[in-house]
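Report on the structure
Chain residues, written in single-letter form:
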Amino acid sequence: MPYLSKIALNPRRRAAMALLSSPHRLHAAILSGLAVQPVAERVLWRLDTNTPHRAEVLVLTASRPSWAHLVDDAGWPGADGGDPLIADYAPLLDRLTDGREFGFCLTANPVQSIPRPERPSEQQAARLKEGTDNGSRHRGFRVAHRTADQQLDWLLKRCERHGFSIPDATAAPPAPGLQTKDHTLSAGPAVTLVSRDILRFRKHPGGPRVTLSTATFEGRLRVIDPDALRTALLHGIGPAKGYGQGLLTLAPLRTTQANHG
């Protein structure tokens, strides 16, 4: 039975600062909240930092977790609003029906595969050198999409395989004299790229630096294949899932802006 959790962290505490500065450390702390070790189940998570005084971690697990260690070390133990929320995820999965619409949020690592990067990272340069030394052919390299247009296009091209479409946003009627030839006006897909970031960190002191380009999308989606969408919700979208990428969350559509989670 899957569970979706929300854990509030206090960015002013030293332990929280250490976790928030490294997706590798935060991932390890999340895995330690599961009783069965080593962890073999798929764990998805996302860090939401909407205010400077509070950070929230959303975590999707297959088994029921315990977040006492995170609250004690990096949260607000005993304070109002400091307790983690853990919800059964099955009811949402059951509500996925063909044609139904939801608000959504997704933080992902949009990438493409190319034969050889123009400016290879430390790890990519090592792979290229290894291939040259032993004469082997290397696989393609994942490189990040850098521009907002590329990142939006990356999402739009993957919607169908993940069981959803993004309908057009509602467009106001055009002003007089601005009608198009077919008298229609489209505001484009109902999705917005609300934030973009580049994460840089090392798994271990002195180790190679990991660099991730991230993009956070919010918008409206329509279910076209409930089974494929359930798979996307439970297994994530795109690479770098261990570093907080790929968790898609849904929210009921309301007349006012909905919170995702």
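Before any of the text, the structure's been laid out above.
Treat the numbers as computed from the prediction; the structure is a model and nothing was measured. (Residues numbered from 1 in each chain as written. Predicted model: local features only at pLDDT ≥ 70, side-chain atom pairs only at ≥ 80, totals over all residues. Heavy atoms only, no water.)

Describing unusual backbone geometry
Residues other than glycine predominantly adopt negative phi, and peptide bonds predominantly adopt the trans conformation. The omega torsion of the bond from Q37 to P38 falls at -10°, within 30 degrees of zero and hence cis. With respect to the helices and strands, the residue P38 is situated in the loop between helix 2 (23–31) and strand 2 (44–51). You will see that A240, though not glycine, has its phi angle at about 65°, which is positive. For A240, the position within the fold is in the loop between helix 7 (226–235) and strand 11 (248–251). (Helix = DSSP H or I, 4+ residues; strand = E, 2+ residues; numbered from the N terminus.)

Concerning a positive patch on the surface
Taken together, the side chains of R146, R200, R202 and R209 define a basic patch exposed on the protein surface. Among the structural elements, R200 can be located in strand 9 (residues 191–202). (Patch = residues over 30% accessible without salt bridge, like charges linked within 9 Å, V, L, I, M, F, W, Y side chains within 5 Å. Areas by Shrake-Rupley, 256 points an atom, 1.4 Å probe, with all protein chains shown as cover. Salt bridge = Lys/Arg side-chain N within 4 Å of Asp/Glu carboxyl O. Lys, Arg positive; Asp, Glu negative; His and termini not counted. Charge placed at Lys NZ, Arg CZ, Asp CG, Glu CD.)

Remarks on the pattern of salt bridges
For the structure shown, the criterion picks out six salt bridges. Notably, a salt bridge pairs R46 with D48, separated by 3.1 Å at the nearest N-O pair. Classification of R46 by relative accessible area gives buried; the value is 1%. A relative accessible area of 16% means that D48 is categorised as buried. A salt bridge links K157 to D153; the shortest N-O distance between them is 3.1 Å. One end of the pair, K157, and the other, D153, are both in helix 6 (residues 148–158), four residues apart, so they sit about a helical turn from each other. Taken together, the shared-partner salt bridges in this structure form one network comprising E101, R220 and R222. (Buried < 20%, exposed > 50% of the residue type's maximum accessible area, 1.4 Å probe, protein only.)

Comments concerning the nonpolar core
As a rule of thumb, soluble globular proteins bury nonpolar side chains together. Among the nonpolar cores identified, the biggest contains 31 residues, and F104, F217, L229, L248 and L250 are the most heavily contacted of them. Among the secondary structure elements, those contributing two or more residues to this core are strand 3 (54–61), helix 4 (90–94), strand 5 (101–108), helix 6, strand 9, strand 10 (209–223), helix 7 and strand 11. Residues contacting L229, with those up to four places away along its chain left out, are L96, H162, G163, F164, L221, V223, L248 and L250. Core analysis: the second largest hydrophobic core is formed by 17 residues, I7, W45, A55 and L70 among them. (Core = buried A, V, L, I, M, F, W, Y, C linked by side-chain atoms within 4.5 Å. Contact = heavy atoms within 4.5 Å.)

A word on the sheet that holds strand 3
For sheets, the rule is that strands pair by backbone hydrogen bonds, running either parallel or antiparallel. Pairing in this open sheet of four strands is antiparallel, and the strands run 2-3-1-4 from one edge to the other. Only two strands of the sheet have a single partner each, and these edge strands are strand 2 and strand 4 (85–88). Direction aside, the axes of adjacent strands within the sheet are offset by 15° on average. Pairing of strand 1 (residues 3–9) with strand 3, which is carried by seven bridges, proceeds in the antiparallel orientation. Bridge pairing in strand 3 links I7 to V57. Of the strands in this sheet, strand 2 and strand 3 are in contact with helix 2, which crosses strand 2 at around 120°. (Pairing = 2+ DSSP bridges. Axes fitted to C-alpha atoms, helices over the stretch in contact; angles between N-to-C directions.)

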